[in-house]
Amino acid sequence: MSRSRSDILLRSGLGTLAGLSGSVVLLILFFLVAGAMPALRDGVLPRLFLDEFWQPGSQRDPQYALLPMLAGSILVTVLAILIAAPLGIAGAIFHRFYLPPRFAAWNEHALELLAGVPSVVFGFWGLTVLVPLINRLHPPGQSLLAAGIVLGLMILPTVALTSQAALRAVPGSQLFAAAGLGLGRVATVFHIALPAARPGIVAGVILAVARAVGETMAVVMVCGNIAKYPQSVFDSVRPVTATIALEMGYATSSHKALLFTAALFLVLLSGALVGWLAFRKGKNEAAVN
Amino acid sequence: MVSLFPASFTRTRRPGDILLGIAGGLASAVTLLALGCILWDLVRLGLPHLSWSFLTGEVTENGRSGGIGPILISTLMILGFALAFVIPPALGCAIWLSEMVRQGSGAARIITGSVDLLASVPSIVFGLFGMSFFCQTLGLGFSILSGSLTLACMILPLLVRTTLSALQSLPADLRPTASALGLSGATMIGKILLPAALPGILVGITLGVGRALAETAALIFTSGYATRWPESPSDSGRALSVHIYDLAMNIPNGSGAASASALVLLVLIVLINTTAASLAARWHRRHSAS
């Protein structure tokens, strides 16, 4: 390749843009750490786990118990996955092994459409339709259950679509070999297709977990936002993301630093999940080669 | 699609086979029904409030009455500026990764790694970052500019990834042919590679618009809450998604207008995603043909 001056200019220009793109995440991490620093300095951090209540704005007796919020995040995510994973994976098996191709294509289009529905719309639906229903069953309605269902429905298309893709990627030759050996459909699904598609399905579920942990809007509108440990699925909860969304508008000093700490924690958690996925994928590809 | 499916599967009718079919069919039906119900509820609740004057009118009584005209304009401005901010670095980064460095070299891996890490950052964290960096540190305040810069950071990874894969799926012999013709790097990229990859890049941009339009958490504390007509990018402007959130959460009796706004948002998103899908299908067809 010729090395004219314009080419060198182009190369360095593009390199700068690439460096800029790569440094955005560093800038974010820097700001989160800088924002969280005061909490470290004031020795507030251990109180996240020791204090009893969350009243960071209080003048007289500020308390910083973050654990109930973490528990809220985890419980809502677990509930959402318990809804989305079985439905999504079973639906994907049906899609691949039972539905005629024409209907399968329609099913996929519908799921793709639903995967694009904005989270605030899910939250709004939860607030106006689902919460009153749950309220009739067991007040107050804004609850762990509502948040879990809304979030579960929101990540369901993603889980279904990734599972479908993973099942589709299983080589047809393996299925034909199984049929040739006299295996029926059920045996082929459980002993050939699912084990082969497992890495892809697990990857889809982990991505869904990362999305659920980081989701704000769909949850904040239906979870009730009470910063206590829930005693049942009908109790209100308050996940970490909801706390940030509700309080960052007015938080100051230690309180604000704690919100940055919580955000840093969220980034590390979802970064770890996605990084682990990439590592797994790399290892799988290395094993195949 | 070629059917890679043993015919013997559909000829046998064992109890286990039927059971699995019923279970899977139920799961599929529940999925589509539940999500279909959500769409139906939104249409049912929102349609009565929808009219031309709702789409173009001013926001009155905090949104309880009036329309969403200024909100739509703010949303468009946020989207437009976000695209203007994100396209140059995203394209530059993707071109650099695909044309200027060796695959798997240290620099390439660091850049792709950090772009992928950026993709995993939750949207509320973008909001927090945008508020403290663009609004406070850079002094942009709650403004359309702050909101669009925050969104630009958020959709950057998506755009880099789609552009990169569009460039990488171009026929490999384009590059040595262009070099053999004595074309400079700039000419090759500007006149050959980018035009050829353009449909793929457009798919990425369309998907990015969809993501940005759906976003709420990153915008609440960056682009602000103002409901008047925006006059410049440094004005605060409320995005449609933020409007839905505010009406539903903070305004008593706001749910009628909120449903109509949700319906508008939904229709826009569906339109954009369908456009992306048909662009992608066309790109795919052209590529398998060549």
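Residues numbered from 1 in each chain as written. Chains lettered and ligands numbered in written order. Predicted model: local features only at pLDDT ≥ 70, side-chain atom pairs only at ≥ 80, totals over all residues. Heavy atoms only, no water.

Section: the packing of helix 3 (residues 67–97) of chain A against helix 6 (residues 144–168) of chain A
Residues and elements named next belong to chain A.
Next, step 1: Between helix 3 and helix 6, whose axes approach to 6 Å, the crossing angle comes to 35°. Once helix 3 is placed against helix 6, the crossing between them reads as right-handed.
Next, step 2: A class-by-class count of the residues in the contact of helix 3 with helix 6 yields 23 nonpolar, six polar and two charged. (Axes fitted to C-alpha atoms, helices over the stretch in contact; angles between N-to-C directions. Helix = DSSP H or I, 4+ residues; strand = E, 2+ residues; numbered from the N terminus. Left-handed = near helix turned anticlockwise from the far one by under 90°. Nonpolar A, V, L, I, M, F, W, Y, C, P; charged D, E, K, R; others polar.)

Re the nonpolar core
Next, step 1: Core analysis: the largest hydrophobic core is formed by 158 residues, its most contacted members being Leu32, Phe122 and Ile244 of chain A together with Leu97 and Val125 of chain B.
Next, step 2: Core analysis: the next-biggest nonpolar cluster, separate from the first, contains 18 residues, Ile93, Val170 and Val189 of chain A together with Phe9 of chain B among them. (Core = buried A, V, L, I, M, F, W, Y, C linked by side-chain atoms within 4.5 Å. Buried < 20%, exposed > 50% of the residue type's maximum accessible area, 1.4 Å probe, protein only.)

Considering the domain arrangement of chain A
Residue and element names in this part refer to chain A.
Next, step 1: Partitioning chain A into domains gives domain 1 (31–59 + 248–289) and domain 2 (66–240).
Next, step 2: Here the C-alpha centroids of domain 1 and domain 2 sit 25 Å apart.
Next, step 3: Contact residues are listed per partner, giving 14 residues for domain 1 and 15 residues for domain 2.
Next, step 4: Summed over both partners, the interface of domain 1 with domain 2 comes to about 1400 Å²; 83% of that surface belongs to carbon and sulfur atoms.
Next, step 5: Inspection of the domain 1/domain 2 interface yields zero salt bridges.
Next, step 6: In this assembly, domain 1 and domain 2 are joined by one residue pair in polar contact (both at pLDDT 80 or more).
Next, step 7: Per-class residue counts for the side of domain 1 that touches domain 2 are 11 nonpolar, two polar and one charged. (Domains from an automatic or database assignment. Contact = heavy atoms within 4.5 Å. Buried area = accessible area lost by both parts, 1.4 Å probe. Salt bridge = Lys/Arg side-chain N within 4 Å of Asp/Glu carboxyl O. Polar contact = N/O pair within 3.5 Å; in protein donor to acceptor, adjacent residues only side chain to side chain.)

What about the packing of aromatic side chains?
Next, step 1: Going through the model one piece at a time under the given rule, you end up with eight aromatic pairs over all chains.
Next, step 2: Residues Phe31 of chain A and Phe129 of chain B carry aromatic rings whose centres are separated by 5.8 Å and whose planes lie at 80° to one another, so their mutual orientation is edge-to-face. Taken as a pair, Phe31 of chain A in helix 1 (residues 5–41) and Phe129 of chain B in helix 6 (residues 123–137) lie in two separate chains rather than in one. Phe129 of chain B carries the same exposure label as Phe31 of chain A, and that label is buried.
Next, step 3: The interplanar angle of 75° and the centroid separation of 5.7 Å between the aromatic rings of Phe129 of chain B and Phe134 of chain B together place this pair among those described as edge-to-face. The same class applies to Phe129 of chain B as to Phe134 of chain B, namely buried.
Next, step 4: An aromatic cluster is defined as three or more aromatic residues linked by ring pairs; in this entry it consists of Phe30 and Phe31 of chain A together with Phe129, Phe133 and Phe134 of chain B.
Next, step 5: For the cation-ring pair, Arg96 of chain A lies above Phe97 of chain A, with the distance from its terminal atom to the ring centre recorded as 5.4 Å.
Next, step 6: The ring of Trp276 of chain A carries the charged tip of Arg280 of chain A above its face, separated from the ring centre by 5.7 Å. (Phe/Tyr/Trp six-rings, centres within 6.5 Å; stacked < 30°, edge-to-face > 60°. Lys NZ or Arg CZ within 6 Å of the ring centre and 35° of its normal.)

So, the pattern of salt bridges
Residues and elements named next belong to chain B.
Next, step 1: Under the criterion given, the structure shown has eight salt bridges over all chains.
Next, step 2: For Arg161, the salt bridge goes to Asp116, with nearest N and O atoms at 2.8 Å. One end of the pair, Arg161, is in helix 7 (residues 144–168); the other, Asp116, is in helix 5 (residues 106–119), and 45 residues separate them in sequence.
Next, step 3: Linking Asp246 and Arg238 is a salt bridge whose minimum nitrogen-to-oxygen distance equals 3.2 Å. Of the two residues, Asp246 and Arg238, both sit in the buried class.

Comments concerning the packing of helix 1 of chain A against helix 5 of chain B
For any two helices packed against each other, the geometry is given by the interaxial angle and the distance between the axes.
Next, step 1: With their axes 8 Å apart at the nearest point, helix 1 of chain A and helix 5 of chain B run at an angle of 50° to one another. Regarding the angle of helix 1 of chain A to helix 5 of chain B, the classification is oblique. Pair helix 1 of chain A / helix 5 of chain B crosses with left-handed handedness. Residue-level inspection shows Ala18, Gly19, Ser21, Gly22, Val24, Val25 and Ile28 of chain A of helix 1 of chain A in contact with helix 5 of chain B, the latter providing Ile111, Ser114, Val115, Leu117 and Leu118 of chain B.
Next, step 2: Across the contact of helix 1 of chain A with helix 5 of chain B, the residue classes tally to eight nonpolar, four polar and no charged. (Parallel < 35°, antiparallel > 145°, perpendicular 65-115°, else oblique.)

Remarks on a nonpolar patch on the surface
Next, step 1: Judged by side-chain polarity, Val33, Met37 and Leu40 of chain A come together as a nonpolar surface patch covering roughly 240 Å² of accessible area.
Next, step 2: Exposure remark for Leu40 of chain A: the relative accessible area of 47% places this residue in the partly exposed category. (Patch = residues over 30% accessible without salt bridge, like charges linked within 9 Å, V, L, I, M, F, W, Y side chains within 5 Å. Areas by Shrake-Rupley, 256 points an atom, 1.4 Å probe, with all protein chains shown as cover.)

Some points on the interface of chain A and chain B
Next, step 1: Listed as interface residues are 78 residues of chain A and, on the opposing side, 81 residues of chain B.
Next, step 2: A combined buried area of about 6900 Å² lies between chain A and chain B, and 80% of that area is made up of carbon and sulfur atoms.
Next, step 3: Contact with chain B buries surface across chain A, with Phe124, Arg185 and Met248 of chain A losing the most and accounting together for 10% of the total.
Next, step 4: Taken together, chain A and chain B are joined by one salt bridge.
Next, step 5: Between Asp17 of chain B and Arg185 of chain A there is a salt bridge, and its shortest N-O distance comes to 3.0 Å.
Next, step 6: Here the element with the most residues in the side of chain A that touches chain B is helix 1 of chain A; it accounts for 17 residues.
Next, step 7: Looking at the side of chain A that touches chain B, its residues break down into 54 nonpolar, 18 polar and six charged.

Here's the deal with unusual backbone geometry
Next, step 1: Going from Pro139 of chain A to Pro140 of chain A, the amide bond is cis rather than trans, its omega being 10°.
Next, step 2: On the secondary structure map, Pro140 of chain A appears in the loop between helix 5 (119–137) and helix 6.
Next, step 3: In the Ramachandran plot, Asn225 of chain A falls in the positive-phi region, its phi being about 60° despite a non-glycine side chain.
Next, step 4: Residue class for Asn225 of chain A comes out buried when judged on its relative accessible area of 18%.
Next, step 5: The phi torsion at Glu61 of chain B lies on the positive side, around 50°, for a residue other than glycine.
Next, step 6: Inspection of the secondary structure puts Glu61 of chain B in the loop between strand 1 (59–60) and strand 2 (65–66).

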